[in-house]
Amino acid sequence: WVCLVRLEQFLREEPFQREHGMDQEVRVLKVVKVGSFGNGTALRSSTEVELVVFLSCFRSFQEEAEHHHAVLRLIWKKLWHCQDLLALGLEVIGVVQGVPDALVFTIQTMETAEPITITIVPAYRAMGHSIPNSQPHPVVYESLIEACNSYPGNFSASFCELQRNFVKHQPTKLKSLLRLVKHWYLQYVKARCPRAMLPPLYALELLTIYAWEMGTQEDKNFRLEEGLTTVMELLQEYDLFCIYW
């Protein structure tokens, strides 16, 4: 989408106005597409995009925790100075509480029938200039433990490239199964039970990959309908599973 290209370019190039109490300049080091768009399992009808923005002002997990909401306000203010995005019909929904909290807004374009919902999460670039398929240095995890954050998962965005690549480099047919599971989940589960406490899509991806690994011993030739059936059966025993990446 053209609007995403404009958004990423704007975030990288336009300067931030520093918030009170922040002694470091705020500039974007890297913008990463995560979620279904990032790992190549997005549905054609999908109009939701997740972006992780790595920022220079975060030099540690502690600083990220301290300035997270201040940076969300900075991004909010910055968006309102982008005339190209405003012309596309940008509408900020606001800061949405989550793990971690994020800024959510919509853009209406000529390319899509429905508005595109974009979620932005600022993060500390803990892995630095990582090499694809490489593992972080143990010091990264040591500093994560030392941060002692009381909300598990609050720093997950710092490892989004590892999470994305874990799914992105899976076999093509497994990605087809992931899209089939997501279609069923969104159309026949979430749409009919909007108030139910349902698992996030990434947990569903992990469960599907687990079912493929255990059920086929990672065979690239399997039947999609059998894979979907297996995932449905596993979900019936959700309380027996601890899904993590």
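Before reading further, recall that the structure is shown in the block above.
These remarks concern the structure in this document. (Residues numbered from 1 in each chain as written. Predicted model: local features only at pLDDT ≥ 70, side-chain atom pairs only at ≥ 80, totals over all residues. Heavy atoms only, no water.)

For the rest of this paragraph, the subject is the pattern of salt bridges. Applying the stated criterion to the full structure yields seven salt bridges. Close ionic contact of Lys 33 with Glu 8 constitutes a salt bridge, the shortest N to O distance being 2.7 Å. Of this pair, Lys 33 sits in strand β1 (residues 28-34) while Glu 8 sits in helix α1 (residues 2-13), and the two are 25 residues apart along the sequence. With a relative accessible area of 31%, Lys 33 lands in the partly exposed category. The exposure class of Glu 8 is buried, given its relative accessible area of 9%. The shortest N-O distance in the salt bridge between Arg 223 and Glu 225 comes to 2.6 Å. (Salt bridge = Lys/Arg side-chain N within 4 Å of Asp/Glu carboxyl O. Helix = DSSP H or I, 4+ residues; strand = E, 2+ residues; numbered from the N terminus. Buried < 20%, exposed > 50% of the residue type's maximum accessible area, 1.4 Å probe, protein only.)

So, about helix α3 (residues 61-79). Along its 19 residues, α3 runs 25 Å from first to last C-alpha, staying within 8% of the 27 Å computed at 1.5 Å per residue. Regarding α3, the residues found buried are Phe 61, Glu 63, Glu 64, His 67, His 68, Ala 70, Val 71, Leu 72, Leu 74, Ile 75, Lys 78 and Leu 79. (Expected span 1.5 Å × (residues − 1).)

This paragraph deals with the environment of Ser 143. Relative to the elements of secondary structure, Ser 143 occurs in helix α5 (residues 138-147). Along the chain, Ser 143 and Phe 61 lie 82 residues apart, while their C-alpha atoms are 7.5 Å from each other. A polar contact is formed between the side chain of Ser 143 and the backbone oxygen of Val 140, at a distance of 2.7 Å. (Polar contact = N/O pair within 3.5 Å; in protein donor to acceptor, adjacent residues only side chain to side chain.)

A cis geometry characterises the amide bond from Val 99 onward to Pro 100, with omega recorded as 0 degrees. Looking at the element boundaries, Pro 100 is found in the loop between β3 (91-96) and β4 (102-107). Its identity as a non-glycine residue notwithstanding, Gln 217 has a phi of 55 degrees, on the positive side. Topologically, Gln 217 is positioned in the loop between α8 (201-216) and α9 (224-235). Although it is not a glycine, Glu 218 adopts a positive phi angle of roughly 65 degrees. Within the secondary structure, Glu 218 sits in the loop between α8 and α9.

Among the structural elements, Gln 170 can be located in the loop between α6 (160-168) and α7 (172-190). Looking at Gln 170, its side chain comes within polar contact range of the main-chain oxygen of Phe 166, at 3.0 Å. Apart from the residues within four sequence positions on either side, Gln 170 is in contact with Lys 175, Ile 209 and Trp 212. (Contact = heavy atoms within 4.5 Å.)

Aromatic ring pairs are defined here through the distance separating the ring centres and the angle between the ring planes. Overall, the coordinates contain four aromatic pairs when judged by the stated rule. Residues Phe 61 and Tyr 124 carry aromatic rings whose centres are separated by 5.0 Å and whose planes lie at 85 degrees to one another, so their mutual orientation is edge-to-face. Taken as a pair, Phe 61 in helix α3 and Tyr 124 in the loop between β5 (116-123) and α5 lie far apart in primary sequence, 63 residues in all. Measuring from ring centre to ring centre gives 5.8 Å for Tyr 141 and Phe 159, while their planes differ by 5 degrees; the resulting arrangement is stacked. Of the two residues, Tyr 141 sits in helix α5 while Phe 159 sits in the loop between α5 and α6, which places them 18 residues apart along the sequence. A relative accessible area of 35% means that Tyr 141 is categorised as partly exposed. Taken together, the aromatic side chains of Phe 61, Tyr 124, Tyr 141, Phe 155 and Phe 159 make up a single cluster linked through ring pairs. Between the NZ or CZ atom of Lys 78 and the centre of the ring of Phe 10, over which it lies, the distance is 5.6 Å. The ring centre of Phe 222 lies 5.4 Å from the NZ or CZ of Lys 173, which sits over that ring. (Phe/Tyr/Trp six-rings, centres within 6.5 Å; stacked < 30°, edge-to-face > 60°. Lys NZ or Arg CZ within 6 Å of the ring centre and 35° of its normal.)

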